[in-house]
Amino acid sequence: MCGIVGYTGPRDAGPVLLDGLRRLEYRGYDSAGIALVTESGDLFVEKRAGKVAVLQDAMGDHPPRAGIGLGHTRWATHGRPSDLNAHPHSDCTGRITVVHNGIVENFRELRDELKAGGHTLQSETDTEVVAHLVEDAYAGDLADAVRVALARLEGAYALVVLHRDEPERLVGARLNAPLIVGIGAGESFLASDAAAIVAYTKQVIFLADGDVADVTPGGAVITDLSGAVVERKIDIIPWSVEAAEKGGYEHFMLKEIHEQPAALTSAMTGRLRHDSVCLEELDPIRDRLTGIDRVELIACGTAYYASLVGAALFQEWLGVPARSTVASEFRYSPPPINARTLVVAVTQSGETADTIAASRLAGDRGALVISVTNTVGSAITRESHAAVFLQAGPEVAVAATKTFVTQVATLVMLAADVAHHLGRLPAAKEQELVAALRRLPEQAERAIELAATTEEMADRYAEAAGFMYIGRSFGYPAALEGALKIKEISYLHAEGYAAGELKHGPISLLDADVPLVAVATRSAVYEKLISNLMEGKARDARVLAVATEGDTQIEQLATDVLWVPDTLEPLSTILAVIPLQLFAYHVAVKRGRDVDQPRNLAKSVTVE
Ligand code: AGP
C-alpha cells in the first residue's frame, strides 16, 4: 500500500529517490518523505502530507547532496495523513531512520514497552516502533540490530533502515510485503517494485519472506532472520522505463486503455498453437490437473470481476462445479477443499493481502493452486504451484484497465488449456476459440476507435446523480467492471447488477437523473437483456447501451449506443468493457477528478 525506495552509490541520492517516489506514487499518495545522509554526515529528513510534488516543493531547488538515502510514499493505515505521521520515522538519537510498508500488528504493546523503557515516540504510526527497537538493539552493526528488532514484530513489513553512522549501508527486510534489491554498477537500490529503479538498472533480486538484505554500493548480502546467508538469483526486468511513463497521453489510464490491443497480443504470445491453446507454465502440474473435480477462483476488485468469466468457462468446458469468491470472504468462510480442488488466484499485483492469504489457506488444505498475475517475482507466485503471467506490462493508473482485459483473456486460455488436456473441449470449439482470440487485438483497437463518442457523451452524463449498470452472462462482469471504473475515478455512485435482478429492488433507483447502462452485446440472453433495458426506459431513465455493431434494434431503444465488434460470447466481456472504461475516463475528466490517483485508493492493497 506504500511505496519504498532506497539508494546507495555515487549519484546524488535526492533526485534518484524523488524520481523513484514519483514512479511509486500509485501505491499510495497521502504523504511522502525522504531521508538523506549528507556529505557532512548529517541526517536530513523532510516529510510532508500530500503528494510527492508537495515534498519536492518543500525540499526546494537545492536539497543537500548525499550518496545514500531512503524515501516513502504512504497510504495511511495507522495514523491519519500528516507531516508528523509521514515516513521516514527516526529513533530517539536521530541517527536511525526507517520506512515501512505493511502493518506492525503488535505495535501498541511495543509502544508501551518502549515508552516504559524511556523512549519518546512522536507519531501515531505503527512504524515508529521499529526505529526505536533498532536503536535498542544497535551495537555497531545495523543488519544485526535490524534482525533483532524484526524478531519482535508481528504482522507484515517491507522495511528499509538507515543509520547515519554507517553512511554506505541500507538494510531492507520483507515479510508479506514486496521488496526488491536493484544491483547497478557500483550502486544499489531497494524498492517496492521495479518501476522505481528500472531507469537505473534492470538487474533485480526479488526478496523472499524472511529475507534481510544488507545493501552497499558493491551489492547485497541476503540472510535469513538468524543471520545465515541465503542465495537469491538475479532476475532481469523485461521492460524499459518508457513502459512506465505516460508517452504523450494526458493520464496513465488513457495510455493503458490504448495499450490494450498490444497487451492482448502480448498475453497470447506463445500460447496459441495452430488450432489449440497451450500454457507451458502448466506442464509441471498436468498430472495433478487430471484429478480435479471442482474449481474455486479467488480474487479482489477488478480481478474478481475478471474471474467470473473464468468460473463460467471452467464450469462449462470442464463440466465440474466452478465459482469465484472474493478473497476476503473465501479466507474466513472457505468451502471444503482437498487435493482434487483447483484454486485459481487472480491478482494483477500479486501482492493483494486477502488473495495471498486465501491462496495460502487453500494450499495448506491440499488444493492445487494456480496464480494468474502480472507481476513476476510477486508474493502470489510463491503461494502457487504454477504461475501464469498476464504479460501486460506495467500498469500505473490505480484504475485497472489493460490488466482486466488480459486477465479475462488469460483465464479463457487457462480454462481452454485445462479442458483440452482433460479431453473435454471439442476440437471444433477450440479451433473457433483460437480464431476469435487471434482477432481480438484488432477488434480491441476498433472498439477504442468506436468509443471516441464517449468524450462528447460524457458532457451529457457527467452530472448524473448516479448510474445503474446491468448485464447478463458474460455481459455481467463487464457491467460490474464498468460501474467500478465510474465509482473509482469520478466518485459518482454506480451499481453493477445482474440485469435479471433489476426488478427485485434496484429498479427503484432509476429516474431521469439515474441513467441505465446496459451491456447488450449479441448473446444467447440478448432478448432477456432487452426486456430489462425496457424496464428501465419505462421509468424515464436514459439508456446507454453497449451493443454489437450491426444491431439495428438497439438504436430504436437506447438513448445512446456504444458499439463494439462482434466476437464469441466468452470474449465479449473484453470488448464490452473498453467503451465503459473510456466513458468512465471522460466523465472523471469532465468532473475534474484525479484520474490516475483517485482519493482514498492505492493500487496494491497489501493490508487486510
Ligand atoms: C481496480 O481498478 C482496482 N485497482 C482494484 O479493484 C484491484 O483490482 C484490486 O485491488 C485487486 O488488485 P490485484 O489485482 O492487484 O490483486
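Residues numbered from 1 in each chain as written. Predicted model: local features only at pLDDT ≥ 70, side-chain atom pairs only at ≥ 80, totals over all residues. Heavy atoms only, no water.

Chemist: What am I meant to see in the site of the ligand here?
Modeler: Around the ligand, 15 residues are found, and the nearest of them are Thr347, Gln348, Ser349, Thr352 and Glu488. Residue threonine 302 places a main-chain N or O atom 3.1 Å away from an oxygen atom belonging to the ligand. Note that an oxygen atom of the ligand is positioned 2.6 Å from one of the side-chain N or O atoms of threonine 347. Here the ligand loses 91% of its free accessible area of 410 Å² to cover by the protein chains. When residues of the shell around the ligand are traced back to their parent elements, those giving at least two are α9 (301–318) and α16 (475–490). (Near = heavy atom within 4 Å. Polar contact = N/O pair within 3.5 Å; in protein donor to acceptor, adjacent residues only side chain to side chain. Areas by Shrake-Rupley, 256 points an atom, 1.4 Å probe, with all protein chains shown as cover. Helix = DSSP H or I, 4+ residues; strand = E, 2+ residues; numbered from the N terminus.)

Chemist: Any chance you could explain the sheet that holds strand β12 (residues 212–216) here in plain terms?
Modeler: Remark on secondary structure: sheet strands pair via backbone hydrogen bonds, oriented parallel or antiparallel. Across the sheet, 6 strands lie side by side as β5-β6-β7-β8-β12-β13; this open sheet has antiparallel pairing. The two strands at the open ends of the sheet, each matched to only one other strand, are β5 (89–90) and β13 (219–223). As defined by bridge partners, strand β6 (residues 96–104) adjoins strand β7 (residues 155–163) across 9 bridges and the pair is classed as antiparallel. Looking at the pairing, histidine 100 lines up with leucine 159 of β7. Its contacts with the sheet put helix α4 (residues 128–137) on β5, β6 and β7, and the angle it makes with β6 is roughly 130 degrees. Sheet contacts for helix α5 (residues 142–150): β7, β8 (170–175), β12 and β13; angle to β7, the most-contacted strand, approximately 155 degrees. (Pairing = 2+ DSSP bridges. Contact = heavy atoms within 4.5 Å. Axes fitted to C-alpha atoms, helices over the stretch in contact; angles between N-to-C directions.)

Chemist: Before we go on, may I ask you to explain the domain arrangement of the protein chain in this structure?
Modeler: A common way to report how large an interface is uses the accessible area buried once the components associate. What the domain assignment lists for the protein chain is domain 1 (3–244), domain 2 (252–425) and domain 3 (450–590). A straight line from the C-alpha centre of domain 2 to that of domain 3 covers 26 Å. Across the boundary between the two partners, domain 2 contributes 21 residues, which contact 17 residues of domain 3. Taken together, both faces of the contact between domain 2 and domain 3 bury some 1700 Å²; the carbon and sulfur share is 79%. (Domains from an automatic or database assignment. Buried area = accessible area lost by both parts, 1.4 Å probe.)

Chemist: Teacher, can you tell me more about the sheet that holds strand β2 (residues 31–38) here?
Modeler: Read across the sheet, 8 strands follow the order β3-β2-β4-β1-β10-β9-β11-β14 without closing on themselves; strand pairing throughout is antiparallel. Strand pairing shows two members of the sheet lacking a second neighbour, β3 (43–49) and β14 (235–236), which therefore form its edges. Two strands pair when backbone bridges link them, and strand β9 (residues 180–183) and strand β10 (residues 188–191) are joined in this way by 4 bridges, in the antiparallel orientation. Across the sheet, the residue bridging to isoleucine 180 is alanine 191, located in β10.

Chemist: Teacher, can you tell me more about unusual backbone geometry here?
Modeler: Excluding glycine, residues mostly have negative phi values, and the peptide bonds linking residues are mostly trans. Residues histidine 87 and proline 88 are joined by a peptide bond in cis, for which omega reads 5 degrees. Position of proline 88 among the secondary structure elements: in the loop between β4 (66–74) and β5. One non-glycine residue, glutamine 391, lies in positive phi territory at about 60 degrees. Locating glutamine 391 in the fold gives a position in the loop between β21 (386–389) and α13 (402–421). Taking relative accessible area as the criterion, glutamine 391 reaches 32% and is therefore assigned partly exposed. Even without a glycine there, the phi angle at tyrosine 491 is positive, about 65 degrees. (Buried < 20%, exposed > 50% of the residue type's maximum accessible area, 1.4 Å probe, protein only.)

Chemist: Looking at this structure, I do not really get the pattern of salt bridges. What am I missing?
Modeler: Pairs may arise between side chains of opposite charge once their charged atoms sit close together. Under the defined criterion, the tally for this structure stands at 39 salt bridges. One salt bridge connects arginine 27 with glutamate 351, and the closest N-O pair in it is separated by 2.9 Å. With arginine 27 in the loop between α1 (13–24) and β2 and glutamate 351 in the loop between β19 (341–347) and α11 (353–364), the pair connects residues that are 324 residues apart, well separated along the chain. The pair formed by arginine 27 and glutamate 351 is uniform in burial state, with each residue classed as buried. Close ionic contact of arginine 286 with aspartate 283 constitutes a salt bridge, the shortest N to O distance being 3.0 Å. A residue is classified by how much of its surface remains accessible, and arginine 286, at 15% relative accessible area, is buried. Three or more residues are tied together by salt bridges with common partners; here these are Asp141, Glu166, Arg169 and Asp214. (Salt bridge = Lys/Arg side-chain N within 4 Å of Asp/Glu carboxyl O.)

Chemist: Quick question: what am I supposed to make of the packing of α16 against helix α19 (residues 569–590) here?
Modeler: Geometry of a packed helix pair, given as the angle between the helix axes and the separation of the axes. Closest axis-to-axis distance for the α16/α19 pair is 9 Å, and the angle between their directions is 15 degrees. By the angle class used here, α16 and α19 are roughly parallel. Between α16 and α19 the crossing geometry is right-handed. Facing Pro477, Ala478, Glu481, Gly482, Lys485, Ile486, Ile489 and Ser490 of α16, the residues of α19 in contact are Thr573, Ala576, Val577, Leu580, Phe583, Ala584, Tyr585, Val587 and Ala588. (Parallel < 35°, antiparallel > 145°, perpendicular 65-115°, else oblique. Left-handed = near helix turned anticlockwise from the far one by under 90°.)

Chemist: What should I look at first to understand the nonpolar core in this one?
Modeler: When a protein is soluble and globular, its nonpolar side chains tend to lie buried together. Within the largest apolar cluster, 107 residues are counted, with the highest numbers of intra-cluster contacts made by Leu282, Val295, Phe314, Val344, Leu414, Phe467 and Tyr469. Both of domain 2 (252–425) and domain 3 (450–590) provide at least three residues apiece to this core. Dropping the residues within four chain positions of it, valine 344 is found in contact with Val295, Glu296, Leu297, Ile298, Phe314, Ile370, Val372, Leu411 and Leu414. Within the second largest apolar cluster, 26 residues are counted, among which are Val5, Leu21, Ile34 and Val52. (Core = buried A, V, L, I, M, F, W, Y, C linked by side-chain atoms within 4.5 Å.)

Chemist: Sorry, what's going on with the environment of alanine 478 here?
Modeler: One can find alanine 478 in helix α16. On the basis of relative accessibility, which here comes to 0%, the residue alanine 478 falls in the buried class. Along the primary structure alanine 478 and isoleucine 380 are separated by 98 residues, whereas in three dimensions their C-alpha atoms are 25 Å apart. Sequence-distant contacts of alanine 478, that is, excluding residues within four places in its chain, are made with Val519, Thr573, Ala576, Val577 and Leu580.

Chemist: Explain the state of the cysteines to me, please; I cannot follow it from the model alone.
Modeler: Taken as a whole and assessed by the stated rule, the structure comprises 0 disulfides. Cysteine 2 takes part in no disulfide bond, and the closest cysteine sulfur to it belongs to cysteine 300, at a distance of 18 Å. Taking relative accessible area as the criterion, cysteine 2 reaches 6% and is therefore assigned buried. (Disulfide = S-S within 2.5 Å.)

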